[in-house]
Each structure stands twice: as structure tokens, then as C-alpha cells.
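The chain contents come next:
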Amino acid sequence: MTFFRQAGAIFWKDILVEFRTKDALTSMLLFGLLVILMFHFAFEPDSLETERYGPGLLWMTFVFAGILGMNRAFAAERENDSLQALKLAPISWGAIFLGKMLANLLFMLLAETAMLACFALFFNFDLLPRLGWMSAITLLGTLGFASVGTILAAVSMNTRMSDVMLPILLLPIALPVVVGAVESTAAIFTDPPGEALGFWVKFLVVFNIIFVTLPLLLFEFILEE
Amino acid sequence: MSALATITFTAMLASLYLVFLYAPTETTMGEVQRIFYFHVSSAWTSFLAIFVVFIYSVRFLATRNRDLDTKALSAAEVGAVFSTMVLVSGPLWAKPVWGIWWTWDARLTSAFVLWLIYLGYLTLRRLVESPEQRARLCAVFGVLGAVDAPIVYMSTRWFRTQHPQPVIAGGEGSGLDPQMRLVLYLTFLAFVLLFFYLWRLRCDLERTQEAVESLERQAQLREAS
């Protein structure tokens, strides 16, 4: 099996497992909805304020919902003690990372799509004309975040208090991707789009190149024993 | 006393003399500006330390020599101390000069994030049981954190350029008096020596601790049998 087919098999396995229980997806979605509810009562934003604080709110929600989801990334392996079996499989460990990372990416993107729809609905925000850019930025921001998140979920899985450990390790490392994503989202929330858009999108691309490659190379050191 | 200890001690004394007696008093800020030499030197040293963590983490992953892990850990701990000094001396200087304790300036923000990365690293160390696994996981996080640190700096700097400066505009980098620059460089040199001295002490301490632990284990085994 080639590397990508191996990764695809892991990806598919995680999707099947997730869609049987829907643990990660439900928790991410409910969490997102609750944050939007809280946001309304905390700030009661008018349309200008929605434009101003919306990008930050969205990405804060994406990030914390993502952490909730990623804490479950290795839950199946841990609860069933099947990590050993996964490691014994005749596949590259990098492929395990890639498959898991892509699965996390997909779950986050699904939850984010629903959150974006709810955000547009509850705050009467016209997302449709910005949908192209918004999808691109969401994809880029989430990719980098999911990649660093997946490897750090694997690190924190091995610690006591793994649920707390993941955000402690992940948030400082993921700060640049959050900055880039919030800034580029803020640029498309104004009409016409801000000049900074191109710059921050490029920044996200560079961050992704570094922080998808690096975990791919480092992942095998975590599984080893 | 070792040669390094003697040199460090002399250099620290010399830098105290230079900072308090040789360096001219800054015209607008007055005496309080002298904290600048310690503040900036600590900041540079804390970045040097994360670089040392990076080198030894990579070397550890490549060779699995436990002593390299001891060196990475010790550099991170001493780096955390210097990083804390940055965060303490910064507000002490900012309050009388700018009238505020904190500003989200790129350098301050990245020093803060670096401190969080150090703390994440040290927390991770305490929460993994097996020493061998602890070394591997920390090395992986050390590499990610060290690669992230300059990116955090760049992203916060670019973030700033898109936003208005809060209180003051320029930094101390612009047009530094030659006498002041000399004092700064020599103080930095003294701090680098101090870093290497503390680092060596910390490595020795860790090795002693490991030796004690292994002796204790042997004694327990002997008792059991």
C-alpha cells in the first residue's frame, strides 16, 4: 500500500468510528452554539460590532471547539487499548498521523460550517457574498490548527490530566495561526475587503507548510517505545 | 570554583559597574532606564535558551542519548528563569516610563508566549511517568516550541503594523547611544555566560538526581529480594 492509501485507510477508520458515536462532532457543535448564545448576551452586538468582533468570536469558538474534538482524537485507541495494534499494522507511522489529522480536519470543518451558518443566522450577518474567501480562510486556518493539534493530542494522551494538557501545549504554538486566521477573516468582514487579506492568507499558507511537515516528521517519535 | 564560574562572576560584576556607573543617564526616562540593559539581555538570553533546547532536542531524537535530554531540560528551565525576568522587568520599566504596566507590543507579546511555551514544556515533564517516554515527548514539544517562537514574533509584529500603536511609537532600538550600546552588548555577554554557568549547574544537579533515583531503585530491589 502506498503512503497515501495507508493514510486514507486510517482516515476512513476514524470517520466510521466517529459517525457511529458522533461524540466529537456533537460536543463541538453544541459548544459552538453555546458560545454564540453567550456572545449575544455578553455583548449584545449591533451589526457594526458583529463586523468588528465576529472574526475573533468565530475563531475563539473554532479553536476551543477544536480542542474539545481533538481531545477525543486518540480516545478510541486509548479506551480500547488498540494503539498497540495500530502500531503493529504494516503501515508507516507518518500515515497514521496524516489519516488522523485529516479526520480531525474534517470533523472541525463540519462543525465550523454549522457554526458559521448559525453565526450568520443569529446575527443577521450576510455571509453569502464572502463565502468563497471565508471557506478558503477556514480551511487554511483549520488545517494548521488541526495538524499541530493532532500531534499535541498524541503527546498529551500520554500524560496524566491529558484533557488539560492539550490546550496548555497547543494554544501558545497555535497562536500565529489564530492571528493569521482572525486577521484575514477581519479583512473580508469589511466591505470592500481589507488590504491585509492577501498578506495574511500567504502567512497562513507558510504556517501550514511548516506545521504540517514538522508534525509529520516528528510523529513517529511519539508512538515509539 | 571552575573557570566558567570565575569568568561569569567577573563579567556580572563588570556589567553591574557598566550599567550603574559607566552608562550615561537617559535624558527623558532617567535612572529607571538602566533596567533596559537587564531587561533586553534577559530577553535575548531567553531566546538563546530556546535555541539550545531545540538543538539538544533534535540531537536527542537522533541519538537517544539520555544526557542530551538532560541538557535540553536544563536549558529550558534556565530559559524559563530568564523569560520570567523579562516579564518582571518589562512592566517595572514600562509603568514609570509609559504609564502602563503592559502593552501588546510584538516583543512583549512574543516574550510572554515564549514564557508560556517554557511553562508548557516544564509542565509536560512533570506529567509523564516513564523517564524514557518523558524525554521523547518533551523533545518533540521542544522542537515544535522552538520553531514556533520566531513565527510568533513575526506574526505579532505584523499584527502590530496593521493596528495603531497604543501609547508610545518607537522602541529602544532606534538610535541607541554608542556608550549605551556597548553596555548593552557587554551585559548581554555577561548574561550569556551566566546562562551557560547556570545551565551546567542544572545539568549536574539533574545527573545527580538521576543517579540517586537509580540507587534508590536498586536498594528497593535488594530489599524486595
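This one's a predicted model, so the numbers in the text were calculated from it and none came from an experiment.

Student: Tell me about the overall build of chain B, and name the residues and values.
Tutor: A count of helices and strands for chain B gives six helices and zero strands. Shown N-terminal to C-terminal, the secondary structure of chain B runs as helices and strands in the order α-α-α-α-α-α. Referenced to the eigenvectors of the C-alpha coordinate spread, the extents of chain B come out at roughly 75 × 45 × 30 Å. Looking at the 225 residues of chain B, the share that counts as buried comes to 38%. Within chain B, contacts between residues at least 6 apart in sequence are counted, and of these 80% link residues at least 24 apart.

Student: Kindly report on the environment of B:Ser130, identifying the contributing residues and their values.
Tutor: On the secondary structure map, B:Ser130 appears in the loop between helix H4 (106–127) and helix H5 (131–161). Along the chain, B:Ser130 and B:Val81 lie 49 residues apart, while their C-alpha atoms are 26 Å from each other.

Student: Account for the environment of B:Ser89, with residues named and values stated.
Tutor: Residue and element names in this part refer to chain B. Considering the arrangement of structural elements, one finds Ser89 in helix H3 (residues 66–98). Expressed as a C-alpha distance, the spacing of Ser89 and Ile35, which sit 54 residues apart in the sequence, is 7.0 Å. Dropping the residues within four chain positions of it, Ser89 is found in contact with Ile35, Phe38, His39 and Ser42.

Student: Now, about helix H2 (residues 23–43) of chain A: what can you tell me, with residues and values included?
Tutor: Residue and element names in this part refer to chain A. Taking 1.5 Å as the rise per residue, H2 with 21 residues should run 30 Å; its terminal C-alpha atoms sit 30 Å apart, in good agreement. Burial in H2 covers these residues: Ala24, Met28, Leu29, Gly32, Val35 and Phe39. Take H2 and look down its axis: the buried residues cluster within an arc of 125°, on one side only. In H2, the exposed residues that point more than 90 degrees away from the buried face are Thr26, Leu34, Leu37, Met38 and Phe41. Each element contacted by the buried residues of H2 is listed here: helix H1 (3–21), helix H3 (47–70) and helix H6 (93–122). One or two residues past the end of H2 sits Glu44, with phi positive at roughly 40°.

Student: Could you give an account of the confidence of the model for chain B, naming the residues involved and the relevant values?
Tutor: Confidence along chain B averages 87 in pLDDT terms, with 93% of residues attaining 70 or more. Taken together, the chains of this predicted complex give a pTM of 0.90 and an interface ipTM of 0.89.

Student: How would you summarise the nonpolar core if you had to cite specific residues and measurements?
Tutor: In terms of nonpolar packing, the biggest core is built from 126 residues, with A:Val155, A:Leu169, B:Val53, B:Ala72, B:Ala139, B:Val140 and B:Phe141 touching the most fellow members. It is helix H8 (residues 162–189) of chain A that contributes the most residues to this core, 15 residues altogether.

Student: Can you explain the interface of chain B and chain A? Please cite residues and give values.
Tutor: Taken together, the contact pairs 25 residues of chain B with 24 residues of chain A. Ranked by the residues each element gives to the side of chain B that touches chain A, the list is headed by H5(B), at 15 residues. Residues that form the side of chain B that touches chain A fall into these classes: 17 nonpolar, six polar and two charged.

Student: Tell me about unusual backbone geometry, and please be specific about residues and values.
Tutor: Residue and element names in this part refer to chain A. Although it is not a glycine, Glu44 adopts a positive phi angle of roughly 40°. Mapped onto the secondary structure, Glu44 falls in the loop between H2 and H3. When the 8 C-beta atoms within 10 Å are taken as the criterion, Glu44 is described as exposed. Non-glycine residue Met161 carries a positive phi angle of around 55°. With respect to the helices and strands, the residue Met161 is situated in the loop between helix H7 (131–157) and H8.

Student: Explain the packing of helix H2 (residues 35–63) of chain B against H3(B) to me, using residue names and the numbers behind them.
Tutor: Residue and element names in this part refer to chain B. Orientation of H2 relative to H3, taken along the N-to-C sense of each, is 160°, at an axis distance of 7 Å. The angle between H2 and H3 falls in the class roughly antiparallel. The handedness of the crossing between H2 and H3 comes out as left-handed. Of the residues assigned to the contact of H2 with H3, the class counts are 20 nonpolar, 10 polar and three charged.

What counts and how
- Residues numbered from 1 in each chain as written.
- Chains lettered and ligands numbered in written order.
- Predicted model: local features only at pLDDT ≥ 70, side-chain atom pairs only at ≥ 80, totals over all residues.
- Helix = DSSP H or I, 4+ residues; strand = E, 2+ residues; numbered from the N terminus.
- Buried ≥ 20, exposed ≤ 12 C-beta atoms within 10 Å, placed from the backbone.
- Contact = placed C-beta atoms within 7 Å.
- Expected span 1.5 Å × (residues − 1).
- Arc of directions from axis to C-beta.
- pLDDT = per-residue confidence, 0-100.
- Core = buried A, V, L, I, M, F, W, Y, C linked by C-beta atoms within 7 Å.
- Nonpolar A, V, L, I, M, F, W, Y, C, P; charged D, E, K, R; others polar.
- Axes fitted to C-alpha atoms, helices over the stretch in contact; angles between N-to-C directions.
- Parallel < 35°, antiparallel > 145°, perpendicular 65-115°, else oblique.
- Left-handed = near helix turned anticlockwise from the far one by under 90°.

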